[in-house]
Amino acid sequence: MLTGCAGVRDSSGYIASTELVQAIAPGVDNKASVEATLGRPTFVGQFDDSQWYYVSRTTNQFAFRRPRLDDSKVIAVSFDAAGNVVAVNETGPELAVAINPSSAETPTLGRERSFFDELFGGIGQVGQAGLPGGGPGGR
C-alpha cells in the first residue's frame, strides 16, 4: 500500500556537466565548438541567435500532490556578431517564477452568443447575395 505514496523525482531538460560548462572559454570558443561540447541548446534567443540557453530542472512529487521544484539551472551562452563566445553565465532556482493561471473568464468585445446561437447562427446565410462568399454580387 505504501509504495503508491512514494515520492517521484523527475529530471528534465539539459543534464549539465560542470566540467563541460567550465570548458567553454570566452574569446576561444565559437558556436560550433559550444555545440560540439554542450550539444544543441534548449532554446535560442527570441530576437536573435546570439544567446543560447541550456535549461534543466528537477522536481519532486509525493503521492498525488503537485510537483515541487527542487532545483533549476539555466546556462546562458552569449555570442558576438562573429559567433565567438563572449560570456557564459549560470543561474539557479532563485530566478524561477511560479505562475498561477487565473480561472476567471476573459472578457470579449461584442455581444454574448449562446451555445445555440453559435451552433445554428449561420444557417441560411450561406450563398446569400451581398455577404462575403455569397452568390452573384457578393465578394
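The structure under discussion appears in the preceding block.
Residues numbered from 1 in each chain as written. Predicted model: local features only at pLDDT ≥ 70, side-chain atom pairs only at ≥ 80, totals over all residues. Heavy atoms only, no water.

## Description of the pairing of strand β4 (residues 68-79)
Consideration 1: As judged from the 10 bridges shared by strand β3 (residues 51-62) and β4, these two strands associate in the antiparallel manner. From the neighbouring strand, W52 faces β4, where its bridge partner is V77.
Consideration 2: Strand direction decides the pairing type here: β4 and strand β5 (residues 85-91), joined by six bridges, are antiparallel. Counterpart to S78 in the pairing with β5 is A87. (Pairing = 2+ DSSP bridges. Helix = DSSP H or I, 4+ residues; strand = E, 2+ residues; numbered from the N terminus.)

## Focus: the packing of aromatic side chains
Think of a pair of aromatic rings as described by two things: how far the centres are apart, and how the planes are tilted against each other in angle.
Consideration 1: Within this structure, the stated rule accounts for three aromatic pairs.
Consideration 2: Consider the rings of Y14 and Y54, whose centres lie 5.0 Å apart with planes at 55°: the pair is tilted. A residue pair is termed long-range when its members are at least 10 positions apart, and Y14 in the loop between β1 (7-13) and α1 (18-22) and Y54 in strand β3 qualify at 40 residues. Here the two residues Y14 and Y54 agree in accessibility, since each one is buried.
Consideration 3: Where F43 meets Y53, the ring centres are 5.0 Å apart and the plane angle is 25°; that geometry is what we call stacked. Here the residue F43 occupies a position in strand β2 (residues 43-44), and Y53 occupies one in strand β3, the gap between them amounting to 10 residues.
Consideration 4: Against the face of F79 rests K31, its NZ or CZ located 5.5 Å from the ring centre. (Phe/Tyr/Trp six-rings, centres within 6.5 Å; stacked < 30°, edge-to-face > 60°. Buried < 20%, exposed > 50% of the residue type's maximum accessible area, 1.4 Å probe, protein only. Lys NZ or Arg CZ within 6 Å of the ring centre and 35° of its normal.)

## Here's the deal with helix α2 (residues 31-38)
Consideration 1: One side-chain oxygen at the N-terminal end of α2 lies 3.2 Å from the backbone nitrogen of A32; it belongs to N30.
Consideration 2: Backbone geometry just downstream of α2 places G39 in the positive-phi region, at approximately 90°. (Polar contact = N/O pair within 3.5 Å; in protein donor to acceptor, adjacent residues only side chain to side chain.)

## Describing the nonpolar core
Consideration 1: Counting residues in each nonpolar core, the largest one holds 11 residues, listed as Y14, V21, I24, V34, L38, W52, Y54, I75, V77, F79 and V85.
Consideration 2: Listing elements by their share of this core, those giving two or more residues are α2, β3 and β4.
Consideration 3: The dominant element in this core, judged by the number of residues it contributes, is β4, at three residues.
Consideration 4: When neighbours within four sequence positions are excluded, F79 is seen to be in contact with N30, K31, V34, D49, S50, W52, N84, V85 and V86. (Core = buried A, V, L, I, M, F, W, Y, C linked by side-chain atoms within 4.5 Å. Contact = heavy atoms within 4.5 Å.)

## Looking at the pattern of salt bridges
Consideration 1: Counting across every chain of the model gives three salt bridges.
Consideration 2: D49 is paired through a salt bridge with K31; the nearest N and O atoms lie 3.3 Å apart. Note that D49 is positioned in the loop between β2 and β3 and K31 in helix α2, a separation of 18 residues in sequence.
Consideration 3: A residue is classified by how much of its surface remains accessible, and D49, at 45% relative accessible area, is partly exposed.
Consideration 4: In this structure K31 comes out as partly exposed when scored by relative accessible area, which is 22%. (Salt bridge = Lys/Arg side-chain N within 4 Å of Asp/Glu carboxyl O.)

## Points about the side chain of S50
Consideration 1: Tracing the chain through its elements places S50 in the loop between β2 and β3.
Consideration 2: Taking relative accessible area as the criterion, S50 reaches 18% and is therefore assigned buried.
Consideration 3: For S50, the side chain forms a polar contact with the side chain of D48, separated by 3.1 Å.
Consideration 4: Apart from residues no more than four positions distant in its own chain, S50 is found in contact with V77, S78 and F79.

Distances and angles like these do not, on their own, reveal function.
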